[in-house]
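An overview of the molecular structure
Below are the chains, spelled out letter by letter.
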Amino acid sequence: MTTIPPQSRTIPDSIEGGNTAWIDLVFAWGLRILALSAIAILLWMGWIIFNAALPAIKAFGLGFITRQEWDVNQLQFGAKTYLYGTIVTSAIALLFAVPIGVMIAIVTSEKFLPGWLRSTLGFLIELIASIPSVIIGFWGIFVLIPFLKPIQSALHQNFGWIPLFGTETFGPSLLVAGTILAVMILPTIAAISRDVMLAIPQDLRTASLSLGATRWEMITTVLIPASLSGIIGAIMLALGRALGETMAVTMVIGNSDQVSISLLDSGNTIPSILANQFPEALDELHIGALMYLALILFALTLIINMIANSIVKTFGLKQ
Amino acid sequence: MTLEQQLTKPLSLDRRIFSYSMSAIAVLFTGLALLPLLSVLFEILRQGLPNLKWEVFTNLPAPAGDTSVVGGFANAIQGTVLMVSMAALFSVPFGIAIAVYLSEIGKSGSIAQTVRFVLSILSAVPSIVVGVFAYAVIVLATIFEYRGFSALAGGFALAVIMLPIVVLSTEEALKLVPNHQRLASAALGANSFQTVFKIVLKSALPSITTGVLLAIARASGETAPLIFTALFSQSWVEQILNPTPSLSVMIYNYSSSAFPEQTQMAWTASLVLLGLVTVTNLLSRLITRKR
């Protein structure tokens, strides 16, 4: 292929009515700078939070993560209680949401039900994701907590010898918070897993079925293994969401500052303490400690989402 | 056993049981997942509808414990609309410009790839962390000699939350514009600036609107970043550097109130907020379906 020399592309001024190439150049560079500023926002965010957390980082160092004390008056701060609550509630959420979400993905991607019913189900599940989390939390206080209270009491009476159910509940608890998180991350797991499953070639299914597998044997031996990495990506994205979810959790977790091993006890998470204490935080070290918590949460979700994104991207899927 | 017998032998019992029971579990789980949704909708309608009067949209909140006045949350609606508008004013033009860069100029270049990656990361940053960022940048800073909680800080946080949604959805919309439209425009002598503004953006407008509406719906329901940036107030919004009420923070504040009429008001506010969000969502679906 021969390249056309540049001068042969120039058009006489009389036709073009003035050279407008500079407009294109300014346009392109202007947009490029705007696009780069999106990167700047993320870096700015990290830098600002890090800087504001600096007093606490200097005062407590990395030991902050394992310190349990949180005393605003004595200015002693540690992240252990909140880190524990965040991880435990997210784990409970995944425990509930993964099997249910994957089942929904199977039901909505395979031909169990007529097409219109499948798409309606998909739509309804995704509708949950659009309900503001403060409303889910409000529902949690007035519907979910009363509903789960007898179940929690029964758990304590029958399995009280297991430390996880070792205390009597008074309503709000880590278990309730985990349950509400499960409701909120379910759409993420279901929708992405369904997209992954729909992307699996039909031939694989047909091949398995024609070898004599029943539908569920095909699903468990072919479909799920083939879509496993995509499902894991979906679970990671959901985990990222669960770790950072604030309102619904804050409203049903009870906001206590004690680490209790029992799931029936009230607890606290990093987002909850941020939501609760920032409005009243005055001391520089107190604000710094809260910022330190925010920084930990920021880093945690950043890492998890990067891994999830790369897994989902290798599957060639959009979020 | 002859071949014929083997071929016509019915499926063994355990394989049949496995198949049927898994189907039952799958349908059961799907039903289970719908329960919370139906319960939320039912409860909001049951508790919120009886108090949905006109005064709710025109009055200020009644003083706590005073049941002689019909309270409303007009100021919270005003604050939500104000802060979401401020956020949209910033994030929509900015977001569309970035999307134009990604789809028309950067394409699959390394800058565009990085920007896309960063935006997908930004969209996954917990909203409370965005709130902390806005708190550090605006509430703790001194702007125009004001220091403190304000609509400006709330709007800033919402803008950062909306930006990635606007960019990523606008880029998808721009990708759907057929390339021959761009070529035709260029062949008629338009420069890229004219092509983008007069041809590409124009024909992608409905899908861009969809993305913008989704971002607005998302921002109107956000609570976490507003609790300590905009805070709350019981009075009308007078200026953007004062603490500002919003529907979502009002629901949060009233949810644990000791006064039953405030809890009732929170249910009504939930109904209004959910209605707002759902209408915006449905509207965006309708716009794209028509095409």
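Just above, that's the structure.
A brief structural summary. Keep in mind that what you see is a predicted model, and the values were worked out from it rather than measured.

**Some details on the environment of Phe278(A)**
Assignment of secondary structure puts Phe278(A) in the loop between helix 10 (270-277) and helix 11 (284-314). Remark: the alpha-carbon pair of Phe278(A) and Ile41(A), spanning 237 residues in sequence, is separated by 22 Å. In this structure, Phe278(A) is in contact with Ile273(A), Ile287(A), Leu290(A), Met291(A), Val132(B), Tyr135(B) and Phe228(B), ignoring residues within four places of it in sequence.

**A closer look at the pattern of salt bridges**
All told, the structure shown has 11 salt bridges over all chains when counted by the stated rule. The shortest N-O distance in the salt bridge between Glu110(A) and Arg205(A) comes to 2.4 Å. Separated by 95 residues along the polypeptide, Glu110(A) in the loop between helix 3 (80-109) and helix 4 (115-130) and Arg205(A) in helix 7 (residues 202-210) bring together distant segments of the chain. The closest approach of N and O atoms between Arg116(B) and Glu171(B), which form a salt bridge, is 2.9 Å.

**So, the interface of chain B and chain A**
If you look at the interface, chain B gives 76 residues, while chain A gives 73 residues. Carbon and sulfur atoms supply 82% of the area that chain B and chain A bury against each other, a total of about 6,700 Å² over both sides. For the pair chain B and chain A, the interface holds 1 salt bridge. Inspection of the region where chain B meets chain A yields 9 residue pairs in polar contact (both at pLDDT 80 or more). Within the side of chain B that touches chain A, the residues separate by chemical class into 57 nonpolar, 15 polar and 4 charged.

**Let's talk about unusual backbone geometry**
Located in the positive-phi region is Asn255(A), a residue other than glycine, with phi close to 50°. On the secondary structure map, Asn255(A) appears in the loop between helix 9 (247-252) and helix 10. For Leu231(B), which is not a glycine, the phi torsion comes out positive at approximately 60°. Its location among the elements puts Leu231(B) in the loop between helix 9 (224-227) and helix 10 (247-255). Its relative accessible area of 24% is what places Leu231(B) among the partly exposed residues.

How each quantity is defined
Residues numbered from 1 in each chain as written. Chains lettered and ligands numbered in written order. Predicted model: local features only at pLDDT ≥ 70, side-chain atom pairs only at ≥ 80, totals over all residues. Heavy atoms only, no water. Helix = DSSP H or I, 4+ residues; strand = E, 2+ residues; numbered from the N terminus. Contact = heavy atoms within 4.5 Å. Salt bridge = Lys/Arg side-chain N within 4 Å of Asp/Glu carboxyl O. Buried area = accessible area lost by both parts, 1.4 Å probe. Polar contact = N/O pair within 3.5 Å; in protein donor to acceptor, adjacent residues only side chain to side chain. Nonpolar A, V, L, I, M, F, W, Y, C, P; charged D, E, K, R; others polar. Buried < 20%, exposed > 50% of the residue type's maximum accessible area, 1.4 Å probe, protein only.

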